[in-house]
Number of protein chains: 2
Amino acid sequence: MFAPECPSRLMPLQIGDKWTAMIVICLEHGPRRFGELLVPLRSITKKVLAETLRAMERDGMVTRTEYPANPPHVEYELTALGRSLLTLIDASREWCREHLPELAEARARSSANG
Amino acid sequence: MFAPECPSRLMPLQIGDKWTAMIVICLEHGPRRFGELLVPLRSITKKVLAETLRAMERDGMVTRTEYPANPPHVEYELTALGRSLLTLIDASREWCREHLPELAEARARSSANG
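Residues numbered from 1 in each chain as written. Chains lettered and ligands numbered in written order. Predicted model: local features only at pLDDT ≥ 70, side-chain atom pairs only at ≥ 80, totals over all residues. Heavy atoms only, no water.

In the nomenclature of an unreviewed UniProt entry, chain A corresponds to HxlR family transcriptional regulator from the organism Actinoplanes italicus.

Visitor: Mind showing me how you'd approach the relation of the copies chain A and chain B here?
Guide: What relates the two chain copies is a rotation about an axis together with a slide along it. You can overlay chain A on chain B at an RMSD of 0.0 Å; the transform is a turn of 180° with a shift of 0.0 Å along its axis. On this basis, the relationship between the two copies can be described by a two-fold rotation axis. For chain A, the minimum C-alpha distance to the rotation axis belongs to Gln14 of chain A and amounts to 2.5 Å. Most of the interface of chain A is mirrored in chain B, where 100% of its interface residues are also at the interface. (Least-squares fit on C-alpha atoms with pLDDT ≥ 70 in both. Contact = heavy atoms within 4.5 Å.)

Visitor: In this structure, what is going on with the sheet that holds strand β2 (residues 32–33) of chain A? I would like to understand it.
Guide: The strands making up a sheet associate through backbone hydrogen bonding, with each pair oriented either parallel or antiparallel. What the 3 strands build is an open sheet, ordered β2-β4-β3 (chain A); its pairing is antiparallel. Of all strands in the sheet, those with a lone pairing partner are β2 and β3 (62–67) of chain A, marking the two edges. (Pairing = 2+ DSSP bridges. Helix = DSSP H or I, 4+ residues; strand = E, 2+ residues; numbered from the N terminus.)

Visitor: Please explain helix α3 (residues 46–58) of chain A as it appears in this structure.
Guide: All names here are of chain A. Taking 1.5 Å per residue as the helical rise, α3 with its 13 residues ought to reach 18 Å, and the 18 Å between its terminal C-alpha atoms agrees with that figure. Looking at α3, one finds that the buried residues are Leu49, Thr52, Leu53, Ala55 and Met56. In an axial view of α3, the angular spread of the buried residues amounts to 160°, which keeps them on one side of the axis. What points out from α3, more than 90 degrees from its buried face, is the exposed set Lys46, Lys47 and Arg54. Lining the buried residues of α3 we find α1 (20–26), α2 (34–38), β3 and β4 (73–78). Of the residues one or two after α3, Gly60 is the one with positive phi, at around 75°. (Expected span 1.5 Å × (residues − 1). Buried < 20%, exposed > 50% of the residue type's maximum accessible area, 1.4 Å probe, protein only. Arc of directions from axis to C-beta.)

Visitor: Mind showing me how you'd approach the interface of chain A and chain B here?
Guide: Reports often express the size of an interface as the amount of accessible area lost when the parts come together. Contacts between chain A and chain B engage 23 residues on the former and 23 residues on the latter. Taking both partners together, chain A and chain B bury about 1,900 Å²; carbon and sulfur atoms supply 68% of that area. There are 2 salt bridges connecting chain A and chain B. Two residues, Asp59 of chain A and Arg107 of chain B, come together in a salt bridge whose shortest N-O distance is 2.6 Å. At the boundary of chain A with chain B, the tally comes to 5 residue pairs in polar contact (both at pLDDT 80 or more). Broken down by secondary-structure element, the contributors of at least two residues to the side of chain A that touches chain B are β1 (13–15) and α4 (80–112) of chain A. Ranked by residue count, the leading element in the side of chain A that touches chain B is α4 of chain A, at 14 residues. By residue class, the composition of the side of chain A that touches chain B is 11 nonpolar, 8 polar and 4 charged. (Buried area = accessible area lost by both parts, 1.4 Å probe. Salt bridge = Lys/Arg side-chain N within 4 Å of Asp/Glu carboxyl O. Polar contact = N/O pair within 3.5 Å; in protein donor to acceptor, adjacent residues only side chain to side chain. Nonpolar A, V, L, I, M, F, W, Y, C, P; charged D, E, K, R; others polar.)

Spelled out as structure tokens, the structure:
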């Protein structure tokens, strides 16, 4: 789901904004710092990551906790509502496993027919 | 899913283009003519309906059959691939039933907090 050439880019299903589903997957196994989220999301910009996280916080999907350590840092964690999106993500992954080849074939056929 | 004020407009999940999921639902119980699809989809324009159906045809989700009757007409029908989207639609409806109130509350809270 993260590699640009990943077939799931064909996926006809989008959860939240463009990056929401991938951020949910990154947070599935526990809280992450902002910088840690940048690593697996490759082509995302800091601006877009910050905007997406703010929208997810507004929607009650993640919590944002500030740690006044040295250096201070911020951690993002899935809420129960955010975690509930995993059922939709699993359903769409299942759909992709079963049907993405058919979708890709149909698109190739229609491009060939012009 | 069709009434503009329907809460599922809040739904954080989109299948295909904006209207794809609603068109799949309209075709769930059998083929429909272009004009018949305009009725339940209320605010869709003919141009957008035609574009969405063409994209669905390209993706192998629907077939388009011309009937040279008098007057001639065209019918759209779900393919097996198109019908497979119903599992995702059902999963997202289930998610909405369970979680849409929480999502709406979270958004109301964050708007109140400014």
